[in-house]
Amino acid sequence: MSRRVRVALKAGVWLVCLSPLAKLFYGFWTDDLTANPISYVTNELGQTTLRLLLLSLALTPLRILFGWGWQMPLRRLLGLFAFFYVCLHLSVWVVLDHFFDWREMGADIVKRPYITVGMLAFTLLVPLAATSTTGMIKRLGAARWRRLHRLVYAAAVAGCLHFIWLAKKVRPDPWVYAAILALLLGIRVWDSARRFARRRDHLLGSSAMDSTARLLVFLVLLLTGCAGVTPRAPGPPGAAAPTRHVLPNGVVVISQEHRASDIVAVQLWLRVGGRDEAPAELGLSHYLEHMLFKGTPTRPPGSIDTEIEGLGGNSNAFTSYDFTHYDLVVPLSGLRAAAALLADIAVNAAFVPAELESEKKVVFEEMNLTEDDPERFLQRRLTEAAYPAHPYGRPLLGTREFVKNLTRETLNAYYKKHYVPVNMVLVVVGAVTPAQARDVAAETFGRLTGPAPVRPAVGPPTRRGAPQDVRRSERQAYLGIAWHAAPTGNTDIYAVDLLTYILGDGPSSRLNQVLREQRGLVQTIDASYIPRQLSGLVSVTARLDAKNFDAAEAAVREIVRRVRDEGVTSAERERAITTAESSYAFDIETVEGLAKAYGQAETTWTLQDEVHYLERVRRVSAEQIRAAARTYFGDDNYVRVRFLPEGAR
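Heads up: these notes are all about the structure in this document. (Residues numbered from 1 in each chain as written. Predicted model: local features only at pLDDT ≥ 70, side-chain atom pairs only at ≥ 80, totals over all residues. Heavy atoms only, no water.)

1. Overview of helix 19 (residues 493–504)
Between the first and last C-alpha of helix 19 there are 16 Å, a value that for 12 residues agrees with the 16 Å anticipated at 1.5 Å per step. For helix 19, the tally of buried residues reaches 12 of 12 residues, placing the bulk of the element in the interior. Those residues of helix 19 that fall on the buried side of the exposure criterion are I493, Y494, A495, V496, D497, L498, L499, T500, Y501, I502, L503 and G504. Following helix 19 by one or two positions, G506 has its phi on the positive side, about 90 degrees. (Helix = DSSP H or I, 4+ residues; strand = E, 2+ residues; numbered from the N terminus. Expected span 1.5 Å × (residues − 1). Buried < 20%, exposed > 50% of the residue type's maximum accessible area, 1.4 Å probe, protein only.)

2. With respect to the sheet that holds strand 8 (residues 477–485)
Taken in spatial order, the 5 strands make up an open sheet running 7-11-8-10-9, and their pairing is mixed. Looking at strand neighbours, the two that pair on one side only are strand 7 (468–472) and strand 9 (522–531), the edges of this open sheet. Strand-to-strand twist across the sheet, computed as the mean angle between neighbouring axes with direction ignored, equals 15 degrees. By the bridge criterion, 9 bridges tie strand 9 to strand 10 (residues 536–544) in an arrangement that is antiparallel. Each bridged residue has a counterpart across the sheet, and for V522 the counterpart in strand 10 is L544. Sitting on the sheet, helix 15 (residues 374–386) touches strand 7, strand 8, strand 9, strand 10 and strand 11 (638–645), and the angle it makes with strand 11 is about 145 degrees. (Pairing = 2+ DSSP bridges. Axes fitted to C-alpha atoms, helices over the stretch in contact; angles between N-to-C directions. Contact = heavy atoms within 4.5 Å.)

3. Looking at the environment of E371
Relative to the helices and strands, E371 resides in helix 14 (residues 353–372). On the accessibility criterion, E371 (26% relative accessible area) is partly exposed. Those residues in contact with E371 that sit more than four places away from it in its chain are F377, R380, R400 and R472.

4. Details of the side chain of D322
Within the secondary structure, D322 sits in the loop between strand 4 (314–319) and strand 5 (324–331). When its relative accessible area of 2% is taken as the criterion, D322 is described as buried. Among the polar contacts made by the side chain of D322, one reaches the side chain of Y392 at a distance of 2.7 Å. In this structure the side chain of D322 is engaged in a polar contact, spanning 2.9 Å, whose partner is the backbone nitrogen of Q533. (Polar contact = N/O pair within 3.5 Å; in protein donor to acceptor, adjacent residues only side chain to side chain.)

5. Here's the deal with unusual backbone geometry
Positioned with a positive phi, F351 is a non-glycine residue whose angle comes to about 50 degrees. Topologically, F351 is positioned in the loop between helix 13 (335–348) and helix 14. Unusually for a residue other than glycine, A389 sits at a positive phi of about 60 degrees. Relative to the assigned elements, A389 resides in the loop between helix 15 and helix 16 (400–404).

6. Notes on the environment of E615
Relative to the elements of secondary structure, E615 occurs in helix 25 (residues 613–618). Overall, the relative accessible area of 22% leaves E615 in the partly exposed class. A distance of 3.0 Å separates the side chain of E615 from the side chain of R619, its partner in a polar contact.

7. Thoughts on the sheet that holds strand 1 (residues 243–246)
For sheets, the rule is that strands pair by backbone hydrogen bonds, running either parallel or antiparallel. With mixed pairing, the 6 strands of this open sheet are ordered in space as 1-2-6-3-5-4. Each having just a single partner strand, strand 1 and strand 4 make up the two edges of the open sheet. Averaged over all neighbouring strand pairs, the angle between strand axes comes to 15 degrees, with direction disregarded. Bridging between strand 3 (residues 263–270) and strand 6 (residues 424–430) involves 7 bridges; their strand directions are antiparallel. Bridging from a neighbouring strand, V266 pairs with V428 of strand 6. Its contacts with the sheet place helix 11 (residues 284–291) against strand 4 and strand 5, and it is angled at close to 170 degrees to strand 4.

Here you go:
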């Protein structure tokens, strides 16, 4: 799914969710809230809460029944709107019904069952709303977060009971909500039973095994599980390891069976990105990402989007310095068609001149969005400063002048040079066996031909740039500091990963505790690690007042120096490992996320390294983390970029 489609979907959700509130405001303005306005408003807010709650609960059953995945990112937004309306519902009761008479309200909660269960529903929703952020998901861990958020079903049941008991006369709508909830719960129970049966059959191997043998196998598995934890491939419990197969023409096929739902992620990865561009080709990798879904000789402009929608799927694409990738998520029935589509655009893109020209406006707007967002632009300027005279330091989007003058011939020459079978990786993850995936790959990608290109020889960066001060229109100042770190393929990446979590991931990290909580030098501060193929980059970015620039930079250096000199504590190491596990689990929760992990591994390091990532992270010692700090985080080997508000000194 493209970024514009995601934005449009979220905008639509906001519009739909705010319309009931707008209706109430209009009724108030026109004095049309019925003869009993308090009761009317209370009822409307309560019903809106139930509708949004049930709508959020319906998204997963839709995926289970139809294989749709596009709606899943909207769950948290709908849930937060449901909490917003239940807060308004409660506020009307507190303020207008009882005017803050806490004693009377307490008595009502105890004596009236419909109020008791209503307060229970609200109480259950509070921790769910408080943890509905990406940061909280990382801190809790994906598994614990999902377990906690199952409380939403209990809240919905309590909400339906509240409405049924509240009704003063027989009316159908409370029972309609209850029936819808029962249906949604039934689908989830059915899906759980189905997945349990699949896991059971997978473990037992034969449905003909008698009950005594089943019991013995279960006990053996239980005892084995209690004895220790065996490293396994990423994915759901019982998942097989991914398989890797190379077609005769050089296309690598990676597949893994993942039966959480009857959908499949089909992704094309290319071993070409921004680092492969010559100075006269800046931005071509990214421009190809925009153009490949615009048509081929057999698929005219506009038909590809229609075809994907007809399959019940969605699409997306992404460009990096090391790779470019295109992905589709479709129901199982659309697997062959999705692979055929990707194979077609991989070698037959038409680059229709009108489409080429119109897309320039889209790229210019993308440039504007990057430059207008201080945090995104800071990361870009940090990357440029960290890699002067190196391909990693070039802008992935290219320059306005180059894009403006881009011709079809230039783009097509770059495309023909790099989009060849030996540069391609096809990743298939979902409700499909490896044998089925290989057959589909052979039928679609196995027919492609092309030369074996020589990737431009690019070495690791050898120097860093000078400090930069950039004037910006924002009133807030920004500070960025970056160090070269371990590239993919280097065994230090696991220690650097954990060190980054310890330094700046979440409120308990060292940078947050010292610079924000204790000294008040920054409003926000974070650390991140991007382990690219030729050189990793660790960056620390902060939003702060300009007067605190020097003190904040000195404090960051002081914290890093203490890690080099004293190391990290066992508690910090354990917390970092837990964060790494939960972040990774969240990243591979869907078939799309799991396929992305495999595709990026194949194009920047190895599939086996990816499979053993968590196992190796768990083995990193506190001394190895300290050694990584000594190796990469020196006092004199970092770059600094500052965004200064206009008028600041």
